[in-house]
Amino acid sequence: PLLPVSPAYPGLELVTNVVSTLAGVPVFEAGLLVVGLARVLLGLTIFGLLEEASGSPRAAGIGAVVYAANPGFIFFDSQFAYESVALPLALLVMWGGMRWQRHGPPAFAWLAFAGVFGTVVTHHLTSGVLVSFLGAWAIMTALVDRTALRAPVVLFATASAATVGWMLLVAPDTVAYLEPRVASVFELVRLVMGEAQMRELFTTRQGVAAKDWERLVTVSMVLLTVLVIPFGLRRVWRERRWHAGAVT
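Peer 1: Hey, could you go over the layout of surface pockets for me, with residue numbers and the actual values?
Peer 2: The volume enclosed by the largest pocket comes to roughly 1,200 Å³. Lining the largest pocket are 28 residues, and of these L50, A59, G63, V228 and G232 sit closest to its centre. Looking at the lining of the largest pocket, the elements that each hand over two or more residues are helix 2 (27-54), helix 3 (57-68), helix 5 (82-103), helix 10 (212-239) and helix 11 (244-247). Broken down by element, the lining of the largest pocket gets its largest block of residues, ten residues, from helix 10.

Peer 1: Summarise helix 8 (residues 150-169); cite the residues concerned and give the values.
Peer 2: The end-to-end C-alpha distance of helix 8, which contains 20 residues, comes to 28 Å, matching closely the 28 Å that a straight helix rising 1.5 Å per residue would cover. Looking at helix 8, one finds that the buried residues are A151, P152, L155, T158, A159, S160, A162, T163 and M167.

Peer 1: Before we move on, can you summarise the nonpolar core with the specific residues and values?
Peer 2: One finds W100, L134, W137 and L155 to be the most contacted residues of the largest nonpolar core, which totals 28 residues. For this core, the secondary-structure elements that each account for two or more residues are helix 2, helix 5, helix 6 (106-120), helix 7 (124-144) and helix 8. In terms of residues, this core owes the most to one element, helix 5, which gives seven residues. Leave out the neighbours within four places in its chain, and W137 touches G97, M98, Q101, A151, P152, L155, A244, G245 and T248. With seven residues, the next largest nonpolar core counts V5, Y9, A171 and L178 among its residues.

Peer 1: Provide a residue-level description of the pattern of salt bridges, including the pertinent values.
Peer 2: Evaluation of the coordinates by the stated rule reveals three salt bridges. A salt bridge links R99 to E52, with the shortest nitrogen-to-oxygen separation between them at 3.5 Å. Of this pair, R99 sits in helix 5 while E52 sits in helix 2; the two residues are 47 residues apart in sequence, bridging distant segments of the chain. Looking at E52, the relative accessible area reads 5%, which means it is buried. Residue E52 is joined to R102 by a salt bridge in which the shortest nitrogen-to-oxygen separation is 2.8 Å.

Basis of the calculations
Per-chain numbering applies: the sequence of each chain, read as written, is numbered from 1 onward. Reporting in this predicted model follows two pLDDT cut-offs: at least 70 for local features of residues, and 80 or more for side-chain atom pairs to be given and counted; totals over whole chains, interfaces and linings ignore these cut-offs and use all residues. Hydrogens and water molecules were not included; the side-chain quantities draw on all heavy atoms of the structure. With a 1 Å grid spanning the protein atoms alone, the term cavity applies to any set of points in which a 1.4 Å probe fits but cannot get out, the term pocket to an open set with protein on both sides within 12 Å along at least five of seven lines, and the term lining residue to any residue with an atom within 4 Å of a point. Grid points are joined across faces, edges and corners, and a volume is the space filled by probe spheres set on the points. Secondary structure elements follow DSSP: runs of H or I no shorter than four residues count as helices, runs of E no shorter than two count as strands, and numbering proceeds from the N terminus. In this scheme, a helix's expected span is set at 1.5 Å multiplied by one less than its residue total. Residue exposure (1.4 Å probe, protein chains only): buried if accessible area is under 20% of the type maximum, exposed if over 50%, otherwise partly exposed. To form a nonpolar core, buried Ala, Val, Leu, Ile, Met, Phe, Trp, Tyr and Cys residues must be joined to one another through side-chain atoms within 4.5 Å. Should any heavy atoms of two residues lie within 4.5 Å, those residues are considered in contact. Between Lys or Arg on one side and Asp or Glu on the other, a salt bridge is scored when a side-chain nitrogen of the former is within 4 Å of a carboxyl oxygen of the latter.

Functional significance is not addressed by these values, which are geometric in nature.
Here is the structure:
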């Protein structure tokens, strides 16, 4: 009742039901197993994707550890909720697609296609982000290496058709559900343009202020992230600009 759009994306429930039935365990234990395996897959796909993009297992390991420190990984995506399974599936598509593009074995293509359909039937927002990434990857491939367009274009077309088709035929309430989230993006634009009033930073709507050390850590992490971006861009330009996935 709290999330009426969720039943239209039954991927998590279907997998849990299969595990519960085949293993003969209660639904709760099956749910723990499914989410636990999803988190293992998330760590592996992040490592694989970063290794493919950077060409360095060391950089991929560091990146996976840094990602694992974010609150979304620790709290939000450890819930029994549909994004917890959809996110590693989407990353599986990205990694499998890049491997298919660069190395060509059909096994990676089938892996990417399975990930596409798994993501589409599991979570709406993750599907949209995946389509956006695949579209950007296809454009970048057209600029970097036109001979390697097959993988990103086919995956983008498949993911777009599946996402839109699922929303129209199975989950028409998704558009109304996501509308406030889209509106918040336009609110951010209005804020940048000075047309909206920004709430006081580090203070809740009830007027409770964050402690000084919390403010310091938050600002420091943002500054650190911004400062290392130019070094990453420089490395991509010098060593990986021929790799459309890395540039994307």
